[in-house]
Amino acid sequence: MEILVLHEQARVPVTVFQIKGELTAETDVQFLEQAEEAYQAGMRNLLLDLTKLTFLSSAGLRAIHKVFMLLREKSPGSGSSDDAVLDGIRAGTYRSGHLKLFKPSSDVMQVLSTTGFDMFLKIYTDRKKALASF
Amino acid sequence: MSKHLPEMGVLAPIAVDGTLDPSLSTNDLVEHLSTLNQISQALNQAIDVQGVLDDALGRLVKLMGLETGWIILKDPQAEERFGESRYLLAAHHNLPPALAPDKPDAWGGSCACQELIEAGRPTKAYNEVYCSRLKRARGSRRGLVVHASAPLRSGDQMLGMLNVAAPDWESFSPQALSLLTNVGSQMGIALERARLFDVLKQQRWQEQEALLSLSRRLLSHLDLDDLISHMVEDVRYLLSADACALLLPAEEPGFLEFSATTGWHRDPVQDKRKVPADGSNGPGRAMQSRDLLLVPDIREHDTRAWMPDWLQAEGFVGYAVVPLLLDGRPVGVLLLNQREPRSPRDGEVRFLQLMAGQAAMAIEKSRLHEEEVKMQALEKDLALGQQIQLSLLPKSRPSAPGWEFAAFYQAAREVGGDFYDFIELPGEPRRLGMVIADVVGKGVAAALFMARGSTIIHTAALANQNPRDTLSQANSLILQHQNSELFVTAFYAVLDTNSGVLEYSSAGHNPPLWHRSDTGQCHELRVPGIVLGIFQQVALENHQVTIAPGDYLVLYTDGVTEAMNADRAFFDQKRLEATIAANAGGTAQQVLEAIVERVRVFAGDIPPSDDITLMVVRRCPEGV
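Residues numbered from 1 in each chain as written. Chains lettered and ligands numbered in written order. Predicted model: local features only at pLDDT ≥ 70, side-chain atom pairs only at ≥ 80, totals over all residues. Heavy atoms only, no water.

### Looking at the overall build of chain B
Assigned secondary structure in chain B consists of 16 helices and 21 strands. Expressed as a percentage of its 624 residues, the buried residues of chain B come to 50%. The long-range fraction of contacts in chain B, counting pairs at least 24 apart against all pairs at least 6 apart in sequence, stands at 65%. Surface summary for chain B: the accessible area is close to 29,500 Å², and the carbon and sulfur share equals 51%. (Helix = DSSP H or I, 4+ residues; strand = E, 2+ residues; numbered from the N terminus. Buried < 20%, exposed > 50% of the residue type's maximum accessible area, 1.4 Å probe, protein only. Contact = heavy atoms within 4.5 Å. Areas by Shrake-Rupley, 256 points an atom, 1.4 Å probe, with all protein chains shown as cover.)

Listed below in structure tokens is the structure:
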């Protein structure tokens, strides 16, 4: 797995991780470390570009969830309560404010929807819209 | 008795500096020089000088126009052993029968030339001696009466004498005598070099043997404490130190602690002594510089040096600190102390360094061994964990008329994160709960979570009417007990074994496959739902289907579909469906075994990276 890190300026600064290869138990640590490092360096909004992600395992999901928690817990003003999240999920309106996904393959999308990750992570197919959504 | 012949005058030494008599013809000169050159080359190159002495002597005698010569050398051990000097016949050329080497009367006892040596008198380049040996020897002397003697010496020390014999003084030409002095001094140098070499060789041999036996002893100790206590004893003994200590990094960072000692009045190990691992003291400095530190007499050094009372009380004046280096990394230091000032000899320093390398390796080996023992203990724990885990899985399959149940579980490691359960639910009609789950996360944490998760779901299943509520409650209970490091995907279904109605809910788990006998195809039991353990509240759903006779339900974890082969391809859902379809008609157990076998064959030698869990439920066809 390789991660290409880009910095985009939308309404707010957005970091883009383009993940190439597999996100599994073998690569999740690297992904987490890079995300943690970027967070330390000031990253508050992350778009995961999944166009080149070939496989997402449960360990990869766990890593994405950790990054979700990192950005959710530590970002001021994003602290929506779980109840609010649940209501939002029920109403189909809740989406994470600081972590978004871009264009997963159909296999990866399948994993995201099976595990319910698509219920709290907004998934875009248009990069411009994805960046503008932060 | 022969005597030195002062009245005849010891002939003035000639050619002491090696210059030759100008009266020599050019041819003589060339021959002279080339022979001398050959002799000195042979002497210089020889390691076994004794071996070339014979040859050099032979050439010399011939060149001098004589017939007989011999070399006597001081026996280096005689003085120690017998309290007096003794001489050995080291080389001889063409001795007359009277002086045959095996004749005790010829070679026993002293000789005028030996007395000269003892008296320290043969300081001249050469000396002419009436040979007492020849005089007293019985048998043919071939007319030999006198010999010219060149001392063999190393600096001030007499090593022996080079003698060439003749019937009278006239037989020694000035050129011959100059040759004699030259060769004599060459031989002296060569002998000394050989002696030094032998000493060195001997030292090295002793050193190597000590090292060898030390390393053999060190490597035979697997217990670290045992090893280091023997090490300090050995080092102290081998280097005749008054005290020796081994210091290893303390748990408290920045300190070295005494780990083994010998020869100390008060044991710093018992007193749990530590020294700062910095430049304030010898061990700290050696650790930092990774270099040997020698202080033969501490009193000659800065007295303000770090010297606490307990160290002063030992009365050490000299010390050596050797860092134990492993791949250049200091793993500890050896401290040798003397209560009298003493500078270590060259060989000792080298020995110390070699020994330090051995000690570092032995310590590392012992550490590794201890880690291995710990690992074995951990493995035992894991094996126990596995037993506990397996005990949490149902021991028997439920039995219900018209239904078959089969289940398979295989952990990828000693402990896994998957679990499944059959839960007999209270009340009528007869209802059976079935759960399959996968804790996302690996290792012991996931396994512990699995143990708790399975209990929680089991408890929730008994307390709730429908699968959605069961999983929702399980989620709340899971979150009460843990942070969000781990989460669980779970599928839970309640089967009415009378009607075949299956009510189910999923929390992010792969949809089970429902193989219908009427269509001959697999359908996914897909329900939206988020994994358990992330949010306090989860939005889950209840779905319902009716299982018809001849249908199969296959519940599985991603270890099945994500089983990988050597080409890094996944077993995937299509192969799973095909296997079910191909085995439709078989019992639940047969279908299960077929799937397990297909996955096994598919993966080949590639070890599974995830747990594999399978549950197969079959509603038997009517009349079966």
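### What about the overall build of chain A?
Check the secondary structure of chain A and you find five helices and six strands. Starting at the N terminus and walking to the C terminus, you meet the elements of chain A as β-β-α-β-β-α-α-β-α-β-α. Considering chain A as a whole, with its 134 residues, one finds that 53% of them fall into the buried category. Once local pairs closer than 6 in sequence are excluded, the contacts in chain A between residues at least 24 apart make up 70%. For chain A, the computed accessible surface area is about 6,100 Å², with 50% contributed by carbon and sulfur atoms.

### Brief notes about the sheet that holds strand 21 (residues 612–619) of chain B
All names here are of chain B. Across the sheet, five strands lie side by side as 12-21-20-17-18; this open sheet has antiparallel pairing. Lying at the two open borders of the sheet, with one neighbouring strand each, are strand 12 (403–410) and strand 18 (521–524). Here the strands of the sheet are splayed against their neighbours by 20° on average, with no regard to which way each runs. Of the strand pairs in this sheet, strand 20 (residues 552–556) and strand 21 are connected by five bridges, and their pairing is antiparallel. Opposite Tyr 556, over in strand 21, you have Leu 614 as the bridge partner. On the sheet, helix 15 (residues 572–583) packs against strand 17 (513–516), strand 18 and strand 20 and is oriented at approximately 35° with respect to strand 17. (Pairing = 2+ DSSP bridges. Axes fitted to C-alpha atoms, helices over the stretch in contact; angles between N-to-C directions.)

### Examining the interface of chain A and chain B
The partner chain B presents 26 residues to the 27 residues of chain A that form the contact. Taken together, the two surfaces of chain A and chain B that pack against each other cover about 2,200 Å², and 60% of this comes from carbon and sulfur. Where chain A meets chain B, there are one salt bridge. Across the salt bridge formed by Glu22(A) and Arg568(B), the nearest N and O atoms sit 3.0 Å from each other. Taken together, chain A and chain B are joined by five residue pairs in polar contact (both at pLDDT 80 or more). When residues of the side of chain A that touches chain B are traced back to their parent elements, those giving at least two are helix 2 (58–74), helix 3 (82–91) and helix 4 (106–114) of chain A. It is helix 2 of chain A that provides the largest number of residues to the side of chain A that touches chain B, a total of nine residues. Here the residues of the side of chain A that touches chain B sort into 11 nonpolar, eight polar and eight charged. (Buried area = accessible area lost by both parts, 1.4 Å probe. Salt bridge = Lys/Arg side-chain N within 4 Å of Asp/Glu carboxyl O. Polar contact = N/O pair within 3.5 Å; in protein donor to acceptor, adjacent residues only side chain to side chain. Nonpolar A, V, L, I, M, F, W, Y, C, P; charged D, E, K, R; others polar.)

### Re the confidence of the model for chain A
Residue and element names in this part refer to chain A. On average, residues of chain A score 85 in pLDDT, and 83% of them are at 70 or above. The weakest mean pLDDT in chain A belongs to helix 3 at 63; the strongest belongs to strand 3 (residues 46–49) at 95. Scored below 50 in pLDDT, residues 75–79 makes five contacts in the model with residues more than four places away or belonging to other chains. (pLDDT = per-residue confidence, 0-100.)

### Re the sheet that holds strand 4 (residues 146–154) of chain B
Residue and element names in this part refer to chain B. Overall, antiparallel pairing links the five strands, which are arranged 2-1-5-4-3 in an open sheet. Looking along the sheet, the strands with just one partner apiece sit at the ends: strand 2 (87–93) and strand 3 (127–130). On average, each strand axis in the sheet is tilted by 30° relative to the strand beside it, whichever way the strands run. Taken together, the six bridges between strand 1 (residues 68–74) and strand 5 (residues 157–166) define a ladder with antiparallel strand orientation.

### A closer look at the nonpolar core
Most often, soluble globular proteins have nonpolar side chains that are buried together. The biggest cluster of nonpolar side chains holds 89 residues, and the ones touching the most others in it are Phe31(A), Leu48(A), Phe117(A), Met434(B) and Leu502(B). Ignoring any residue separated from it by four or fewer positions in sequence, one finds Phe117(A) in contact with Leu61(A), Ile64(A), His65(A), Leu112(A), Phe487(B), Val531(B) and Ile534(B). With 30 residues, the next largest nonpolar core counts Leu53(B), Leu159(B), Ala166(B) and Leu191(B) among its residues. (Core = buried A, V, L, I, M, F, W, Y, C linked by side-chain atoms within 4.5 Å.)

### Quick notes on the side chain of Thr115(A)
Looking at the element boundaries, Thr115(A) is found in the loop between helix 4 and strand 6 (123–124). Ignoring any residue separated from it by four or fewer positions in sequence, one finds Thr115(A) in contact with Leu61(A), Gly508(B), Gly529(B), Ile530(B) and Val531(B).

### Concerning a nonpolar patch on the surface
Nonpolar side chains collect at one region of the surface, where Leu384(B), Ile388(B) and Leu392(B) lie side by side and expose about 250 Å² of accessible area between them. Residue classification places Leu384(B) among the partly exposed positions, given a relative accessible area of 47%. (Patch = residues over 30% accessible without salt bridge, like charges linked within 9 Å, V, L, I, M, F, W, Y side chains within 5 Å.)

### A few points about the pairing of strand 18 of chain B
In the sheet, strand 17 of chain B pairs with strand 18 of chain B via four bridges, with the strands oriented antiparallel. In the strand pairing of strand 18 of chain B, Arg516(B) is matched with Gln521(B).

### With respect to the packing of aromatic side chains
The relation between two aromatic rings is expressed through the spacing of the ring centres and the mutual angle of the planes. Summed over the entire model, instances satisfying the criterion amount to 14 aromatic pairs over all chains. Ring geometry for Phe571(B) against Phe602(B): centres 5.5 Å apart, planes inclined by 75°, an arrangement best described as edge-to-face. Of this pair, Phe571(B) sits in the loop between helix 14 (558–561) and helix 15 while Phe602(B) sits in helix 16 (residues 588–603), and the two are 31 residues apart along the sequence. With relative accessibility at 0%, the residue Phe571(B) sits in the buried group. For Phe602(B), a relative accessible area of 13% corresponds to the buried category. Through a chain of ring-to-ring contacts, three or more aromatic side chains come together here, namely Phe68(A), Phe117(A), Phe120(A), Phe487(B) and Phe535(B). Sitting over the ring of Tyr39(A), Arg44(A) keeps its end group 4.0 Å from the ring centre. Taking the ring centre of Phe134(A) as reference, the NZ or CZ of Lys100(A) above it sits at 5.0 Å. (Phe/Tyr/Trp six-rings, centres within 6.5 Å; stacked < 30°, edge-to-face > 60°. Lys NZ or Arg CZ within 6 Å of the ring centre and 35° of its normal.)

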